[in-house]
Each structure stands twice: as structure tokens, then as C-alpha cells.
Amino acid sequence: MPPKRKRAEVADSAIQGSTTRSTRKSSRVARGKDGTAHVNGKAGASDSVEPPPKKTRATGKKGATSRGAKARIDDDPLNSTTSQQQSVDEPDVSEQAPTVPTRVEYSQQRAQALFNSFADDDDPDVIGPEGVERLYKEASIPLEGGQPLILAWQFNARELAKLDRSEWLQGTEALRISSLSAFAIMLKELDDLVIQGKEPITLVAPVNSAKKPTEADSQQVYNRVRYSQYASDRNAAFSELYQFCFTRAKETLESRNIDVETAMLLWSVLLASRYPIITELIEFLNENGSYKGISKDRWNMVYEFCRTVDDGLSNYEADGAWPTMLDDFVTWKRARMTYSTDDTKSAPMDD
């Protein structure tokens, strides 16, 4: 098992994005049929009927006859005109076809093999921090956002930046995923839905929650049963992820707090895209320096504060049982707002 310090470093790297992401295409372009021209019986027909050609005995080399036949087809003005017309009227399908994600049918054997390719050398039943980071790179999963957190959440990992074999197999079976391309699609969709707050996608086929996938389910890149559930109540889904991150960020299960640096990193990933005020709270905590740990109550109240208090603090109630940390932040922010207003008033007017 890698040392505790190494796990913490890689977990922070997964949040901050200190590693350059590699790119790897996980889709293929659909190809059109060949452009062979088919001559319509009426198109370009002549009023006079030509007599059928006389039968002649094939002479000379076999290749010469084939070349002669090809030359006659190429020189035929009707064939040439039709081919030119087709090239003008019909678009190039290969250039206009949308990128289609490559779908790999799920199998437990393939999921096992995928796990083995990233497992630690000294512990084949664990994908440690280095292996998880390599998985992100090969699947083109960005390290700087929330997708690594979503992966740990979906696999119910006991630690961030680490997966054991049982967590992997249970997660891949539930999601019906056994390819890196499916990993990337699943994480992007859940990131957009749960963290970024984007509208749910329109599912191509009905989602069936039965254990055995139906024919309609087999058309999905992965099993979107969970996605459908999250889409029905996005606030509940985000709250579940938010609580998961606090629990897994603790040094030990018995710990009651997480350190403020880790909390600020998680807030910047989980809350900043939807609640810009969190960036000011992080700035305040960096300037203040007196808060060293974040309890579960503070963790929850920060989310509630961001969700209910507007950026101008007009609906903030000082007697609303907010923690002292947030009271201090409001005092700090209001002082900045007052200073900014006074500075604007004292600025010289243009002639």
C-alpha cells in the first residue's frame, strides 16, 4: 500500500489538475457507401435505339480485354456525365458524419482485464494513486475538475485516488462499463448533470432497471439507470456527492474534521461553477489563516450558505445560526463592498 502522504498528494493532484492531460480519441467516424454511379433507364435516353453489338471472339491477352472494357465505360459520355452530376449533387458523407462514440459490449472478463492493466505491481488487487492517474490519462479524463471525484463516488471507493478490485467490479457491473471510452462518456455526463448543473441529456433508448439488460438497454454506451435517477432530483444527487467527498477527505474514519486546504480545493471543484460567492469565501479563508479545520457542520453550512444567500448578501440574516466563520466572512465581504462603493464615488468625473 502506498504511503499516506503519496495518496494525499495524488488526491490533491486529481482536484487541482497539476498533471497535463493526454488526449486519446475514443470515437470513430461513420463511413458512407461507395459512390458508384447507377444509370437510370430514362435519364439521358436517346430516341433512336442502337443495334446490339456484334459478338466477337476474345483475342489477345486477358488483361487487354479488361482494360478495353474499362476504357469503354470511362469514355461513355452518359456514364461520365452521370458520375459528374452525382459528385456535385451528393455531399461527402464521410466528411459530414458526426463523431459516434465507440461502444464496447460490457463483459466482466474485459472489466477484470482493464483493472489488471492499471493495478499496482506490488498489490494486484489495488489500483493505487499512480495507476488511477494513469487511468485518467489514458481515458482522457481531466484531472483538474470533478470527474475523478465522481469516479470515486460511483465506485463507492473507500479512499480518493485508490480503488480495490471489489469496488471496481461492483462499479463496472452496475454501470455496465468495461472500456475506457465508456468511462469517459459516463463521467462527462454525470459531471455536466450533477456538478455543472446542466440540463439532462435526452436518452436515446428507454432505461430499464432490470438486472438483465433489454435490447433497448444494449444500445446505451453504459447503463444510465443512475443517471436517470439523478436527473429526476439533481439537488439530492449533488448532496449525496457533497457528503461523500467530506467523508472520503478525512484522514481517518474517526476524524471529525478535514483540513481547510482540502476543503477549499473541494469547494473550488464542487461549488464554484454554480455559486461564484465560494471563490470569495476561499479568498477570505486564505487571507484570514485562523481556520485550520472544517467540521461536518461547517461543511454543510457552507453549501447551504451558497445555495440560499445571494451574492450581494441582501438576504443574509446575522441571527440565522450561521457558524462564526461565515459571520466573519460576511463582515469581510461587506467591508469590501463598502470600500468599492466609496472608491467609485470619489473617482474624478470625466469632462
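Cut-offs used in this document
- Note on numbering: residues in each chain are counted from 1, in written sequence order.
- This being a predicted model, a pLDDT of at least 70 is required before a residue's local features are given, and a value of 80 or more before pairs of side-chain atoms are given or counted; all residues contribute to the totals for chains, interfaces and linings.
- In computing side-chain values, all of the structure's heavy atoms are included and hydrogens and water are not.
- The helix count covers DSSP runs of H or I at least four residues long, the strand count covers runs of E at least two residues long, and both are numbered beginning at the N terminus.
- Under the scheme applied here, a residue whose accessible area is under 20% of the maximum for its type counts as buried, over 50% as exposed, and between as partly exposed, the area being computed with a 1.4 Å probe on protein chains only.
- Between two residues, a contact is recorded if the distance between any of their heavy atoms is within 4.5 Å.
- Using a 1.4 Å probe, accessible areas were evaluated by the Shrake-Rupley method; residue-level cover was limited to the displayed protein chains.
- Joining through side-chain atoms within 4.5 Å is the link that ties buried Ala, Val, Leu, Ile, Met, Phe, Trp, Tyr and Cys residues into a set, and such a set is a nonpolar core.
- We count a salt bridge whenever a side-chain nitrogen from Lys or Arg sits within 4 Å of a carboxyl oxygen from Asp or Glu.
- pLDDT expresses how confident the predictor is about each individual residue, on a scale running from 0 to 100.
- Only Phe, Tyr and Trp rings are paired, with Trp represented by its six-membered ring, and only when their centres lie within 6.5 Å; those with planes under 30 degrees apart are stacked, over 60 edge-to-face, the remainder tilted.
- Any Lys NZ or Arg CZ found within 6 Å of a ring centre and within 35 degrees of that ring's normal is scored as a charge over the ring.
- Note on method: axes are straight lines fitted to C-alpha atoms, helices fitted across the in-contact stretch only, with angles between N-to-C directions ranging 0 to 180 degrees.
- We call two directions roughly parallel when the angle between them is under 35 degrees, roughly antiparallel when it is over 145, roughly perpendicular when it lies between 65 and 115, and oblique otherwise.
- Handedness of a crossing follows from how the near helix is turned relative to the far one, being left-handed for an anticlockwise turn of less than a right angle and right-handed for a clockwise one.
- Polar here means any residue outside two lists: the nonpolar Ala, Val, Leu, Ile, Met, Phe, Trp, Tyr, Cys and Pro, and the charged Asp, Glu, Lys and Arg; Gly therefore counts as polar.

**Student:** Let's hear about the overall build of the protein chain: which residues, and what values?
**Tutor:** Summing up its helical and strand segments, the protein chain has 15 helices and 6 strands in all. The buried share of the protein chain, taken over its 351 residues, is 36%. Within the protein chain, contacts between residues at least 6 apart in sequence are counted, and of these 72% link residues at least 24 apart. Put simply, the protein chain shows about 21600 Å² of open surface, and 50% of that area lies on carbon and sulfur atoms.

**Student:** An account of helix 6 (residues 129-138) is requested, with residue identities and associated values reported.
**Tutor:** Taken residue by residue, helix 6 has Pro 129, Gly 131, Val 132, Glu 133, Leu 135 and Tyr 136 as its buried positions. Note on helix 6: the residue one or two positions beyond its end, Ser 140, has a positive phi of about 55 degrees.

**Student:** Help me get a handle on the nonpolar core, residues and values and all.
**Tutor:** Looking at soluble globular proteins, one finds that nonpolar side chains tend to be buried together. Formed by 81 residues in total, the largest nonpolar core has its most connected members in Trp 168, Trp 267, Leu 270, Leu 271, Trp 299, Val 302 and Phe 305. For this core, the element with the most residues is helix 9 (residues 180-195), which contributes 10 residues. Excluding its chain neighbours within four sequence positions, the residues that come into contact with Leu 271 are Phe 238, Tyr 242, Ile 278, Val 302, Tyr 303 and Cys 306.

**Student:** Account for the pattern of salt bridges, with residues named and values stated.
**Tutor:** In the structure shown here, the tally under the stated rule is 12 salt bridges. A salt bridge links Glu 138 to Arg 134; the shortest N-O distance between them is 3.7 Å. On the criterion of helical spacing, the pair formed by Glu 138 and Arg 134 is a turn pair, its members being 4 residues apart in helix 6. The class for Glu 138 is partly exposed, based on a relative accessible area of 31%. Of the residues examined, Arg 134 reaches a relative accessible area of 33% and is grouped as partly exposed. Put simply, Lys 162 and Glu 159 hold a salt bridge, and the shortest N to O gap is 3.7 Å. The buried category is assigned to Lys 162, whose relative accessible area is 10%. Overall, the relative accessible area of 22% leaves Glu 159 in the partly exposed class.

**Student:** How would you explain the confidence of the model for the protein chain if you had to name every residue and give the values?
**Tutor:** Overall, the prediction assigns the protein chain a mean pLDDT of 76, with 62% of residues at 70 or greater. The least confident element of the protein chain is strand 1 (residues 27-29), whose mean pLDDT is 36; the most confident is strand 3 (residues 126-127), at 98. The low-confidence segment residues 17-51 (pLDDT under 50) makes 44 contacts with residues lying over four places distant or belonging to another chain. Low pLDDT, under 50, characterises residues 54-101; the predicted model gives this stretch 29 contacts beyond four residues in sequence or across chains.

**Student:** Could you give an account of the packing of aromatic side chains, with specific residues and numbers?
**Tutor:** Aromatic ring pairs: the centre-centre distance and the angle between the two ring planes describe each pair. Taken as a whole and judged by the stated rule, the model has 20 aromatic pairs. Their ring planes at 35 degrees and their centres at 5.3 Å tell us that Trp 168 and Phe 183 sit as a pair that is tilted. In this pair, Trp 168 is assigned in helix 8 (residues 165-175) and Phe 183 in helix 9, connecting sequence segments 15 residues apart. Per residue, the accessibility class of Trp 168 equals that of Phe 183, and both read buried. An aromatic cluster is present here, built from Phe 238, Tyr 242, Phe 246, Trp 267, Tyr 275, Trp 299 and Tyr 303 joined pairwise through their rings. Between the NZ or CZ atom of Arg 274 and the centre of the ring of Phe 238, over which it lies, the distance is 4.5 Å.

**Student:** I'd love a proper account of helix 10 (residues 225-232), names of residues and values included.
**Tutor:** When helix 10 is considered as a whole, its buried residues turn out to be Val 225, Tyr 227 and Tyr 230. Close packing links the buried residues of helix 10 with helix 7 (147-154), helix 9 and helix 11 (234-249).

**Student:** Help me get a handle on the environment of Ile 185, residues and values and all.
**Tutor:** Mapped onto the elements of the fold, Ile 185 is located in helix 9. Taking the C-alpha atoms as reference points, Ile 185 and Tyr 222, 37 residues apart in sequence, are found 8.5 Å from one another.

**Student:** I'd like to hear about the side chain of Glu 167, residue by residue, with values.
**Tutor:** Mapped onto the elements of the fold, Glu 167 is located in helix 8. Glu 167 sits in the buried class, given a relative accessible area of 6%. Not counting chain neighbours up to four residues away, the residues in contact with Glu 167 comprise Phe 155, Asn 156, Ala 157, Arg 158 and Lys 162.

**Student:** A description of the packing of helix 11 against helix 12 (residues 260-270) should follow, citing residues and the corresponding values.
**Tutor:** At a minimum axis separation of 11 Å, helix 11 and helix 12 run at an interaxial angle of 160 degrees. Overall, the two elements helix 11 and helix 12 adopt an arrangement that is roughly antiparallel. The interaxial crossing formed by helix 11 with helix 12 has right-handed handedness. Contacts from Phe 238, Leu 241, Tyr 242, Cys 245 and Ala 249 in helix 11 reach Thr 262, Leu 266, Trp 267 and Leu 270 in helix 12. Broken down by class, the residue content of the contact of helix 11 with helix 12 amounts to 8 nonpolar, 1 polar and no charged.

**Student:** So what about the environment of Leu 285? Which residues, and what values?
**Tutor:** With respect to the helices, strands and loops of the structure, Leu 285 is situated in helix 13 (residues 277-288). As a C-alpha pair, Leu 285 and Asp 328 span 43 residues in sequence and 9.9 Å in three-dimensional space. When neighbours within four sequence positions are excluded, Leu 285 is seen to be in contact with Val 260, Met 264, Trp 267, Tyr 291 and Met 325.

**Student:** Give me the environment of Leu 241: which residues, what numbers.
**Tutor:** By the secondary structure assignment, Leu 241 is in helix 11. Measuring from C-alpha to C-alpha, the distance between Leu 241 and Ile 195 comes to 9.0 Å, with 46 residues separating the pair along the chain. Setting aside its immediate chain neighbours within four residues, Leu 241 contacts Leu 149, Ile 150, Trp 153, Val 194, Ile 195 and Leu 270.

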